[in-house]
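Structural features, examined
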Amino acid sequence: MTVTTPAITAAVRLPRGAALGLLATSMFVIVLDSAMVNLAGSTIRTGLGLSAAELAAVANSYLVALAGLMLLGGRLADVLGGRRMFLLGMSVYVAASASAALALNGPMLIAGRIGQGIGAAVAIPAALSLVLALYTSAAERTRALGVWGAAAGAGSLVGVFLGGTLTELLGWRSVFWVPVPLGLAAAVLVRRTLLPGTRGTGRFDLPGALSITVGISALALGLVTAAGAGWDAPRTVGALTVGLAALAVFVVVERRASHPLVPLGVFRRVQVSVASAVVVLIGATLASLFFFLPLYQQDVLGMGALSAGLSQIPIAVMIIVGSATAPLLAARIGLHRALPLSLAVMLAGITWLALNPAAAFTWQHAGAFLLTGTGLGLGAVGAMAMAVRDSGDGEGGLLSGLVNAGQQLGGAVGLAAIAGLAIGSAGAGTDMSFTAAFLGGAALAAVAVVLSLALAVTTRGTTRPAP
């Protein structure tokens, strides 16, 4: 089934390829800032006097807001129009970035990060829904998602270099100022080149949005709290209980809602449900890896922010290469075969990193980085393509919001869980066990491989290689 949205297609003043590149800049800007913030994590912690758990909260507050509201962002794009919601989301993101740059303490910085998450939750699915409207066939969408993934990889590439450079030269606040002019430029260009589309039909599911946001937030809080207070502490038990109860309420609300945030029937499609679960695991692996890796390089290997950023360039380069290669690999061997192969490469890289005992940066780290980046680029595009390639009319915003929310949900809960594991496993004189953190990421990647193999068996007879 293909999407036919002539109102959106006709509203583009640029060739489709140029419009795709412009829309992909939103992902570039947001990933750029996330990469820079990760490189600046050690400096932020020192500058504001944060504990390990508080630093994890700085990263997780952004992911929680992003994951909790992205489904609503996708629905808003469907009902109010992708262009309108993209402009709103990018405006919020830019304002929150400036607020984070001016933060004087941990709570102020966390508030800014929450604002960034809210803005990104609206802007990303809006931009991706416009991309899916421009490219309607399964093969075209796989290629377009390759460009989308390459833009994310490019943001990571520039971010790891620029984040380390700016942190050493200008301090950590500079990494939050960078997306301000870039985000404003992207918003202005989209406003000038895309005309307003027609409004969709339906209403907003506010109870669903509130219950999923509370559920994700409480689960993440409970997992982080467990590291310091223990799993039987009242705060931990209370947060986890509230989180699970809110998610149960979400399911009940969605079953009864006339215009649900997530029509639960979509999960009856094995391809969508399993691919979304794989996206969740990739998000968890990605968020935890890029949170702990810069800290490991700076706190254990003794590298500066700039040298740590430069050393991560192979990861970012291979994410770009993997994202650009993913459509070719899918066309060659079929998406159902390409996905487990990609995730196996990612698993090999993270496992190599986790089992490397070197106390200084070596060629083994570089080799692990190359494998990890390649697998991430191939796997992320493959899983997203598997989930959205057969979306029907009016489902573009829903499914794009679903898979992006799944990735960020995985990031929020996965980072909280692995942060709890790393903090709880820390030995004397340390506050994080990086070995435990990397092994936890490898375990998540292993589960993703198993699920992708099950998906390959299920879809083997129905999924064809893209022409």
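What comes next concerns the included structure. Per-chain numbering applies: the sequence of each chain, read as written, is numbered from 1 onward. Selection of residues for local features in this predicted model requires a pLDDT of at least 70, selection of side-chain atom pairs for listing and counting requires 80 or more, and totals for whole chains, interfaces and linings are taken over all residues. Excluded from the side-chain calculation are hydrogens and water; included are all heavy atoms of the structure.

Structural notes on the overall build of the protein
If you tally the helices and strands in the protein, you get 18 helices and zero strands. Each residue's exposure class comes from its accessible area (1.4 Å probe, protein chains only) as a fraction of the maximum for that residue type: buried when under 20%, exposed when over 50%, partly exposed otherwise. Counting across all 467 residues of the protein, residues that qualify as buried make up 59%. We call two residues contacting when some pair of their heavy atoms lies within 4.5 Å. For the protein, the proportion of contacts with a sequence separation of at least 24, taken over those separated by at least 6, is 83%. Surface exposure here means Shrake-Rupley accessible area, sampled with a 1.4 Å probe, where a residue is shielded only by the protein chains that are shown. Carbon and sulfur atoms make up 70% of the accessible area of the protein, which amounts to about 17,100 Å² in all. The secondary structure listing takes helices from DSSP runs of H or I that are at least 4 residues long and strands from runs of E that are at least 2 residues long, numbered from the N terminus.

A word on the packing of aromatic side chains
In summary, the pairing rule links any two rings of Phe, Tyr or Trp, Trp by its six-membered ring, whose centres are within 6.5 Å, and it sorts them by plane angle into stacked for under 30 degrees, edge-to-face for over 60 and tilted for everything else. Applying the stated criterion to the full structure yields five aromatic pairs. Here the aromatic rings of W172 and F176 are separated by 6.1 Å at their centres, their planes lie at 90°, and the arrangement is edge-to-face. F176 sits in the buried class, given a relative accessible area of 0%. By the ring-pair criterion, three or more aromatic residues cluster together here, those being F291, F292, Y296, F434 and F438. The rule is short: NZ of Lys or CZ of Arg within 6 Å of the ring centre and within 35 degrees of the ring normal puts a charge over the ring. The ring centre of Y62 lies 4.6 Å from the NZ or CZ of R113, which sits over that ring.

Some points on the nonpolar core
Ranked by size, the top nonpolar core spans 127 residues in total, and within it W148, F291, F292 and F438 carry the most contacts. The element best represented in this core is helix α4 (residues 52-80), accounting for 16 residues. Residue contacts for F438: discarding those within four places in its chain leaves L289, F292, L293, Y296, I350, L353 and A354. The next biggest cluster of nonpolar side chains, apart from the first, holds 17 residues, and it includes M36, V37, A40 and F176. Residue types Ala, Val, Leu, Ile, Met, Phe, Trp, Tyr and Cys, when buried and joined through side-chain atoms within 4.5 Å, form a set referred to as a nonpolar core.

Some details on the environment of M36
Along the chain, the position of M36 falls in helix α2 (residues 16-39). Looking at M36, the relative accessible area reads 0%, which means it is buried. Put simply, M36 and W172 are 136 residues apart on the chain and 8.9 Å apart in space, counted from C-alpha to C-alpha. In this view, M36 contacts G159, L162, G163, L166, V175, V178 and P179; residues no more than four positions away in its chain are not counted.

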